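# Observations on the model geometry
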Amino acid sequence: TWAIESYGQWLGWLERCGQLNPSETPDQRVTRDRVRQYLDDITQDLAPSTVASRVRGLWRMTDVMVPAPSCTFLKEVLERLPTSPSPGPRAVGTHDLLDLGLRLMAEAEKGDAEAKAAALAYRDGLMIALLSLTPLRRRNFAGLTLGQSILQVDGTWRIQFAGVETKTKRRIDMPVPRMLCEPLEHYISHHRIGLAPSGVVVPRHSGALWLSAKTGNPLAGHTINLTIGHITEEQLGERINLQKFRKAAPTTLAIHAPDCIKLGTPVLGHAGEQLTNGWYNMADGVRAAERWQTTLADIREELRS
């Protein structure tokens, strides 16, 4: 399975680079120059061991699909790459996920891609950025609906779910992070409408927030999980599902801001001893979310300096 996935990553890279020629055989596609470009590209985002795994999978698939031995130079390339995991790999933190989401949105706005591809990239970037700062459970995140669970209240965007709509039966009421309000409004007014196929009308102020680019229908939670998992694996070297977004928040606090570790409980919507010692009451709603967002901003700034 890993070899098939590695070969799929290779084909996807060729397609994105405009180098995928259906008439070429597998060994014709795998040239020294293309592999060099491929390595230059993926080594910017993936761990060395992941890069080696990708090349090993490419070599294995090419060897299986082509009768005669071919692309033997891949063995030479592989011998020069690390074959064991890097010691003590750095865990993907919330700041990494936020940076990835912001970068995807910025790249979508450069104007290089056609409108549908740009809308898709912007949607995915916004999902990742919003999840990093408001790590909702999958059902609630997929169920975000304009005018109902994500809406403007007194001029500010908020996320609201009644207790009967949440796993813990506790009401959710939190602000959309200030830094994402403008991107959210841009997505709603421009890219969300552009996602739908021709002939499908998308209401501007109602309906599901996350839409499929194929049908214009709401994205299912399972599909969101797969989409984000694929992107994070490709960009960060680790498949991050929605549950891992929730784990990343307290992990990031524990590593970079241990004094603020208690913020993890109210931000994730957990109960526990915070309810009995009064912490949750103090940090509920706006204050908890804003403190978490401010703390994350401080962590990102510190890591950049």
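Residues numbered from 1 in each chain as written. Predicted model: local features only at pLDDT ≥ 70, side-chain atom pairs only at ≥ 80, totals over all residues. Heavy atoms only, no water.

### Here we look at the overall build of the protein chain
- Along its length, the protein chain carries 15 helices and 5 strands.
- Look at the contacts in the protein chain between residues 6 or more apart in sequence, and 62% of them connect residues 24 or more apart. (Helix = DSSP H or I, 4+ residues; strand = E, 2+ residues; numbered from the N terminus. Contact = heavy atoms within 4.5 Å.)

### What to know about the pairing of strand β2 (residues 150–153)
- Pairing of β2 with strand β3 (residues 156–161) involves 4 bridges; the strand directions are antiparallel. Residue pairing across strands places V153 opposite T156, the latter belonging to β3.
- Connecting β2 to the antiparallel partner β3 that follows it, the hairpin turn spans 2 residues, and D154 within it adopts a positive phi of roughly 55°. (Pairing = 2+ DSSP bridges.)

### Looking at the pattern of salt bridges
- Counted according to the given criterion, the structure contains 9 salt bridges.
- Across the pair R34 and E24 runs a salt bridge, and its minimum N-O distance is 3.0 Å. Of this pair, R34 sits in helix α3 (residues 32–42) while E24 sits in the loop between α1 (2–16) and α2 (26–29); the two residues are 10 residues apart in sequence, bridging distant segments of the chain.
- Look at R34 and you get buried, because its relative accessible area is 13%.
- Look at E24 and you get buried, because its relative accessible area is 19%.
- Through salt bridges with shared partners, a single network forms among R158, R171 and D173. (Salt bridge = Lys/Arg side-chain N within 4 Å of Asp/Glu carboxyl O. Buried < 20%, exposed > 50% of the residue type's maximum accessible area, 1.4 Å probe, protein only.)

### What to know about the environment of L20
- Turning to its location among the elements, L20 is positioned in the loop between α1 and α2.
- Setting aside residues no more than four positions away along its own chain, L20 makes contact with L11, L14, E15 and R29.

### So, the nonpolar core
- Ranked by internal contacts, the top residues of the largest apolar core, which has 49 residues, are F141, L144 and W210.
- Of all the elements in the fold, those that place two or more residues in this core are α6 (94–108), α7 (115–133), α8 (138–142), β3, β4 (172–175), α9 (178–195), α10 (221–236) and α11 (242–256).
- The element best represented in this core is α7, accounting for 9 residues.
- For W210, the contacting residues outside a window of four places in its chain are R123, L126, M127, L130, F141, A142, L144, Y187, N217, P218, L219 and I224.
- Judged by nonpolar contacts, the second largest core, of 21 residues, contains I42, C71, F73 and L74. (Core = buried A, V, L, I, M, F, W, Y, C linked by side-chain atoms within 4.5 Å.)

### Some points on the environment of D63
- Inspection of the secondary structure puts D63 in helix α4 (residues 48–65).
- Its relative accessible area of 42% is what places D63 among the partly exposed residues.
- Counting along the chain gives 37 residues from D63 to P26, while the straight-line C-alpha distance between them is 9.3 Å.

### Some remarks on the packing of α7 against α9
- Packing of α7 against α9 leaves a shortest axis separation of 9 Å and a crossing angle of 145°. In this structure, α7 meets α9 at a crossing whose hand is left-handed. Seen from α7, the contacting residues are K116, A118, A119, L120, Y122, R123, L126, A129, L130 and L133; seen from α9, they are M179, L180, P183, L184, H186, Y187, H191, G194 and L195. (Axes fitted to C-alpha atoms, helices over the stretch in contact; angles between N-to-C directions. Left-handed = near helix turned anticlockwise from the far one by under 90°.)

### Examining the packing of α7 against α10
- Their axes nearest at 11 Å, the elements α7 and α10 cross at an angle of 90°. Overall, the two elements α7 and α10 adopt an arrangement that is roughly perpendicular. Packed against α7, whose contacting residues are R123, D124, M127, I128 and L131, the element α10 presents I224, T227, I228 and I231 at the interface.
- Across the contact of α7 with α10, the residue classes break down as 6 nonpolar, 1 polar and 2 charged. (Parallel < 35°, antiparallel > 145°, perpendicular 65-115°, else oblique. Nonpolar A, V, L, I, M, F, W, Y, C, P; charged D, E, K, R; others polar.)

### Structural notes on the side chain of E24
- Among the polar contacts listed, one links the side chain of E24 to the side chain of R34, at a separation of 3.0 Å.
- Beyond its immediate stretch of four places on either side in the chain, E24 contacts Q19, R29 and R34. (Polar contact = N/O pair within 3.5 Å; in protein donor to acceptor, adjacent residues only side chain to side chain.)

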